[in-house]
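# Reading the structure
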Amino acid sequence: MRSRTRPRATTSAVAVVVPAHNEERRIAACLRSLRVAAAQVAPLPVVIVVVADACTDATAVLAARGGAHVVETRGRNVGLARAAGVERALELLADDGRHAWLAMTDADTTVPAAWLTHQVARAAEGHDAVLGTIRLAPTITADALLRARHDAAYFRTRRSHGAGAGAGAGGAWEHPHVHGANLGVSAAAYLRVGGFAPLTTGEDRDLAARLTATGHRVARTDRHPVRTAARLRGRAPGGLADLLASLCPTPAPPGIPTGPDGAEVDCVPTPGVPGGGKSVREVPVRNL
C-alpha cells in the first residue's frame with residue numbers, strides 16, 4: 001500500500017519504554033545510556049518508563065533509583081508490558097503526548113548517544129516509525145564464533161548495498177529486521193493501528209506489519225544500532241536468545257549463574273550491595 005501523505009507534526013516530547021523481567025543485572029547500564037541519549041535531544045522533554053513485568057528481583061527498585069518511572073505488571077507478556085509502558089508514558093506527558101515520539105528498547109540493551117536524535121530527525125522528515133538494528137554484546141556463553149555465525153546471516157542483505165557489516169559503514173542499508181530493542185513510532189501512528197498486541201513474542205513485528213499495511217511511512221535504518229546482550233537463555237520465547245541457542249554447536253557450559261527464573265545472567269552478586277555485582281570474568285573460578 002502506498003504511504004499516506006500527512007502534514008508533519010512537530011515532536012513535542014519523547015517517551016522511552018523499557019519492558020523488563022528480572023533484569024537487575026543490566027537495567028542500570030540500560031538507563032545510563034538512555035539518560036545520555038535523552039540529554040542529546042534537549043530541550044525536548046523525555047520520560048523513561050520501565051515496566052517491571054513479573055519481576056522477583058530488584059529490577060523495579062533499581063529502575064526507580066535510576067530515574068525511571070516504574071510500572072509493575074504480572075502478566076509475563078512482553079506485548080502487554082510494552083502497551084502498559086506506553087499508556088503510562090502518555091499519561092505522564094499529558095497534552096504533550098498527542099505529538100510525542102515513542103522509543104522502544106529492552107532492559108538488556110544499551111543505546112548510543114545519538115539514538116533519540118536520529119529518531120526525532122526521522123520524525124521531522126515525516127516518518128511515522130523507525131526500525132533500527134542491533135549489535136551483539138559479548139556474554140560468557142556467546143563467544144566470537146557464535147556472534148560471527150549470527151552476523152553472517154544478519155548482515156547478508158547488506159552486501160547488496162555495497163557495504164560491509166561494520167558499524168561505521170553508513171546508513172543506506174534498508175534492512176529486513178524488526179527489533180523491540182530498537183524501534184520508534186509516533187504516538188499518533190501507534191494509536192491509529194491499535195498499539196502493541198498482547199503477544200508473548202513477536203509483538204514488535206506485529207506492530208511493524210500493521211504500520212506498513214496501513215500505509216504509514218516506516219524508515220529502516222542502520223544508523224543507530226543498539227548493543228544487546230548475546231545470551232543463550234532469554235526472557236521471551238522465540239526471541240534473540242533462542243536464535244543464538246540454535247546457532248550454538250554445543251550446549252551452554254554447566255555452572256552458568258542464573259536468575260530466579262533460571263534465565264542466564266553474566267554477573268554474580270556482590271554481598272551487601274542490592275543489585276550490585278561483578279562480571280564473572282572478574283571473579284576467580286573457584287568462587288563461582
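The structure reproduced in this document is the subject of the present report. Here the residue numbering is sequential within each chain, running from 1 through the sequence in written order. Owing to the predicted nature of the model, reporting of local features is limited to residues with pLDDT of at least 70; listing and counting of side-chain atom pairs is limited to 80 or more, with chain, interface and lining totals taken over all residues. Note that the side-chain values use all heavy atoms of the structure and ignore hydrogens as well as water.

### Remarks on the overall build of the chain
Labels follow the DSSP assignment, with helices taken as runs of H or I lasting at least four residues and strands as runs of E lasting at least two, numbered in each case from the N terminus. When helices and strands are tallied, the chain shows eight helices and twelve strands. The buried label applies to any residue whose accessible area, calculated with a 1.4 Å probe on protein chains only, is under 20% of its type's maximum; exposed applies above 50%, and partly exposed to all values in between. Scored against the burial criterion, the 288 residues of the chain give a buried share of 51%. Taking as baseline every contact in the chain between residues at least 6 positions apart, the subset at least 24 positions apart corresponds to 73%. Method for areas: the Shrake-Rupley scheme with a 1.4 Å probe, in which residue coverage is limited to the protein chains shown. Only carbon and sulfur atoms are counted for the fraction: they give 55% of the accessible area of the chain, which is about 13,100 Å². By the convention used here, residues are in contact when the closest approach between their heavy atoms is within 4.5 Å.

### Overview of helix 7 (residues 203–213)
Within the sequence span of helix 7, burial applies to Glu-203, Asp-204, Leu-207, Ala-208 and Leu-211. Angular distribution of buried residues about the axis of helix 7 spans 135 degrees; they occupy a single face of the element. In this structure, the buried side of helix 7 is in contact with helix 3 (78–93), strand 6 (129–131), strand 8 (183–186), helix 6 (187–192) and strand 9 (218–220). Directions from the helix axis toward the C-beta atoms define the arc.

### What about the sheet that holds strand 3 (residues 69–73)?
Between any two strands, pairing holds if DSSP finds at least two bridges. If you trace the seven strands from one edge of the open sheet to the other, you get 3-2-1-4-8-6-9, paired in mixed fashion. Edge positions in the open sheet fall to strand 3 and strand 9, since each of these has one partner strand only. Pairs of neighbouring strands in the sheet enclose a mean axial angle of 20 degrees, with direction left out of account. The sheet contact formed by strand 4 (residues 100–104) and strand 8 spans four bridges and is antiparallel. What sits directly across from Ala-103, in strand 8, is Gly-184. Sitting on the sheet, helix 3 is in contact with strand 1 (13–20), strand 2 (46–53), strand 3 and strand 4, with an inclination near 145 degrees to strand 2. Axis lines are fitted through C-alpha atoms, for helices just across the contact stretch, and the angle between N-to-C directions can take any value from 0 to 180 degrees. Set on the sheet, helix 7 makes contact with strand 6, strand 8 and strand 9; between it and strand 8 the angle comes to about 40 degrees.

### Brief notes about the side chain of Thr-109
In this fold, Thr-109 is placed in strand 5 (residues 109–110). Under the relative-accessibility criterion, Thr-109 is labelled buried at 1%. Here a polar contact means two N or O atoms within 3.5 Å. Within protein one must be a hydrogen donor candidate and the other an acceptor candidate, and residues neighboring in sequence count only if both atoms are side-chain atoms. Among the polar contacts listed, one links the side chain of Thr-109 to the side chain of Asp-108, at a separation of 3.1 Å. Apart from the residues within four sequence positions on either side, Thr-109 is in contact with Cys-30, Ser-33, Ala-181, Val-226, Arg-227 and Thr-228.

### Observations regarding the pairing of strand 1
Counting buried residues along strand 1, eight of its eight residues qualify, which places the element largely inside the surrounding structure. Alternating positions in strand 1 separate into two faces, Ala-13, Ala-15, Val-17 and Pro-19 on one and Val-14, Val-16, Val-18 and Ala-20 on the other, with burial throughout. In the sheet, strand 1 pairs with strand 4 via five bridges, with the strands oriented parallel. Bridge pairing in strand 4 links Ala-13 to Ala-100. With the strands pointing away from the viewer, any crossover whose connection runs clockwise from the first strand over the helix to the second is right-handed. In this fold, strand 1 hands off to helix 1 (residues 27–40), which returns the chain to strand 2; that crossover is right-handed.

### Examining the pairing of strand 10 (residues 226–229)
Note that strand 5 and strand 10 share two bridges and pair antiparallel. Bridging across to strand 10, Thr-109 finds its partner in Thr-228. Across four bridges, the pairing between strand 7 (residues 134–137) and strand 10 is parallel. Each bridged residue has a counterpart across the sheet, and for Ile-134 the counterpart in strand 10 is Val-226.

### Observations concerning the side chain of Thr-105
For Thr-105, the location among the structural elements is in the loop between strand 4 and strand 5. Looking at Thr-105, its side chain comes within polar contact range of the main-chain oxygen of Ala-181, at 2.7 Å. Discounting residues that sit within four places of it in the chain, Thr-105 has contacts with Val-16, Val-17, Val-18, Pro-19, Cys-30, Leu-34, Arg-82, Val-111, Trp-115, Gly-180 and Ala-181.

### Considerations on helix 1
For a helix, the expected span equals 1.5 Å multiplied by the residue count minus one. Over its 14 residues, helix 1 extends 20 Å from the first C-alpha to the last, a length consistent with the 20 Å expected when each residue adds 1.5 Å. If you check which residues of helix 1 are buried, you get Ile-27, Cys-30, Leu-31, Ser-33, Leu-34, Ala-37 and Ala-38. Along the axis of helix 1, the buried residues cluster in a sector spanning 160 degrees; they form a single face. The inward-facing, buried residues of helix 1 abut strand 1, strand 2, helix 2 (59–65), strand 5 and helix 4 (115–124).

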